[in-house]
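Chain residues, written in single-letter form:
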Amino acid sequence: MELHRTDEERLESLKNWWSEHGRTLIAGVVLGLAGVSGWTFWLDYEHGRAETASVLFQTMSEAAASGDHAAVREAGSALLADHGGSGYAVAGSLLVARSELLEDRIGEAIAHFRWVIDHAELPELRDVARLRLAEANFAAGALDEAMTLLDETTTAPFTAARDELRGDVHFARGESGKAREAWERAAAGYTDSPAGAQRVTLKLDDLGHLNTP
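Every value quoted in this text rests on a predicted model; they were computed, and no experiment measured them.

1. Points about the overall build of the protein chain
At step 1: A tally of regular secondary structure across the protein chain gives eleven helices and zero strands.
At step 2: Along the chain direction, N to C, the helices and strands of the protein chain fall in the order α-α-α-α-α-α-α-α-α-α-α.
At step 3: With 213 residues in all, the protein chain has 46% of them scored as buried.
At step 4: Relative to all contacts within the protein chain whose residues are 6 or more apart in sequence, the contacts with residues 24 or more apart total 59%.
At step 5: Entry remark: accessible area of the protein chain is about 10,500 Å², with carbon and sulfur atoms responsible for 51%.

Here's what the structure looks like:
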């Protein structure tokens, strides 16, 4: 059943999600920063920095699309070293984290998620990193660390995903009742995500089968 995944299967699931959706999410981060932090971007442009940062990020995006993870890391290192205060640095760090996960470099991915948590100005972007870092910790069996990060994830767009993972952590701890409560909240919260609602419903169904004598 879905509820009995091994740590390796949890990690593979995280890698698959990040492979399928990571670049789309990061593109949205860049667009959001351009809108919310336009003044900062304009100042950077005036000093000739935003264009360079943009070129580095474009290089990273193209390398990620072709699966050249070494090139992603190289451009990402330059971006963070020379333009760590630019809006592109947050998106770049998330893109490097994606590459690290796909190459099973979990420690390196975790470091980049933590960088985003420490440096992103927008709380929603910090919560993106918290949620993905919590998933990485959950996949590695670090349940307490995962739960701490979920407790700190508070912005509305991530409430359902947070509650779903909270249920996963409770179930892994053997706390079936708390898992059910969290998954039920997640199911109610996935109003704009039929796939998410269906996934949580399957977990609740499996939990019901497990608890049936």
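2. What about the side chain of E100?
At step 1: Here E100 lies in helix 5 (residues 87-102).
At step 2: If we ignore the near neighbours within four places in the chain, the residues touching E100 are R73, R105, E108 and A109.

3. Here we look at the environment of L149
At step 1: By the secondary structure assignment, L149 is in helix 8 (residues 143-152).
At step 2: Among residues more than four places away in sequence, those in contact with L149 are I117, R130, L133, A134 and N137.

4. Overview of the nonpolar core
At step 1: With 28 residues, the main nonpolar core has F113, V116, L150 and V169 as its most contacted residues.
At step 2: Counting residues in each nonpolar core, the second largest holds 13 residues, with A53, F57, A64 and L79 among its members.

5. Regarding unusual backbone geometry
At step 1: Here the phi dihedral of D104 falls at roughly 60 degrees; this positive angle occurs in a residue that is not glycine.
At step 2: Of note, D104 is situated in the loop between helix 5 and helix 6 (106-119).
At step 3: Judged by relative accessible area, D104 falls into the partly exposed class, the value being 46%.

6. Some words on the side chain of T155
At step 1: Tracing the sequence through the fold places T155 in the loop between helix 8 and helix 9 (159-172).
At step 2: With relative accessibility at 11%, the residue T155 sits in the buried group.
At step 3: Of the polar contacts made by the side chain of T155, one reaches the side chain of D127; its length is 2.6 Å.

7. Concerning helix 8
At step 1: Listed as buried for helix 8 are L143, A146, M147, L149 and L150. Projection of helix 8 onto a plane perpendicular to its axis shows the buried side chains occupying an angular sector of 160 degrees, all on one side.
At step 2: Residues of helix 8 that are buried make contact with helix 6, helix 7 (123-139) and helix 9.

8. Digging into the environment of T153
At step 1: Within the secondary structure, T153 is located in the loop between helix 8 and helix 9.
At step 2: The buried category is assigned to T153, whose relative accessible area is 1%.
At step 3: Non-local contacts of T153, meaning those with residues more than four positions away in its chain, are made with D127, R130, L131, F158 and R162.

9. What about the packing of helix 7 against helix 8?
At step 1: For the pair helix 7 and helix 8, interaxial distance at closest approach is 8 Å and the crossing angle is 160 degrees. On the basis of the axis angle, helix 7 is roughly antiparallel to helix 8. Between helix 7 and helix 8 lies a crossing of left-handed hand. Where helix 7 approaches helix 8, its residues D127, R130, L131, L133, A134, N137 and F138 are matched on the opposing element by L143, E145, A146, L149, L150 and E152.
At step 2: Of the residues in the contact of helix 7 with helix 8, the class split is eight nonpolar, one polar and four charged.

10. Points about helix 4 (residues 69-83)
At step 1: For helix 4, with 15 residues, the first-to-last C-alpha span of 20 Å sits near the 21 Å given by 1.5 Å per residue.
At step 2: Buried residues of helix 4: H69, V72, A75, G76, L79 and H83, and no others. Projected down its long axis, helix 4 carries its buried residues within an arc of 125 degrees, all on one side. Facing away from the buried side of helix 4 by over 90 degrees, the exposed positions are E74, S77, A81 and D82.

Rules of the game
Residues numbered from 1 in each chain as written. Predicted model: local features only at pLDDT ≥ 70, side-chain atom pairs only at ≥ 80, totals over all residues. Heavy atoms only, no water. Helix = DSSP H or I, 4+ residues; strand = E, 2+ residues; numbered from the N terminus. Buried < 20%, exposed > 50% of the residue type's maximum accessible area, 1.4 Å probe, protein only. Contact = heavy atoms within 4.5 Å. Areas by Shrake-Rupley, 256 points an atom, 1.4 Å probe, with all protein chains shown as cover. Core = buried A, V, L, I, M, F, W, Y, C linked by side-chain atoms within 4.5 Å. Polar contact = N/O pair within 3.5 Å; in protein donor to acceptor, adjacent residues only side chain to side chain. Arc of directions from axis to C-beta. Axes fitted to C-alpha atoms, helices over the stretch in contact; angles between N-to-C directions. Parallel < 35°, antiparallel > 145°, perpendicular 65-115°, else oblique. Left-handed = near helix turned anticlockwise from the far one by under 90°. Nonpolar A, V, L, I, M, F, W, Y, C, P; charged D, E, K, R; others polar. Expected span 1.5 Å × (residues − 1).

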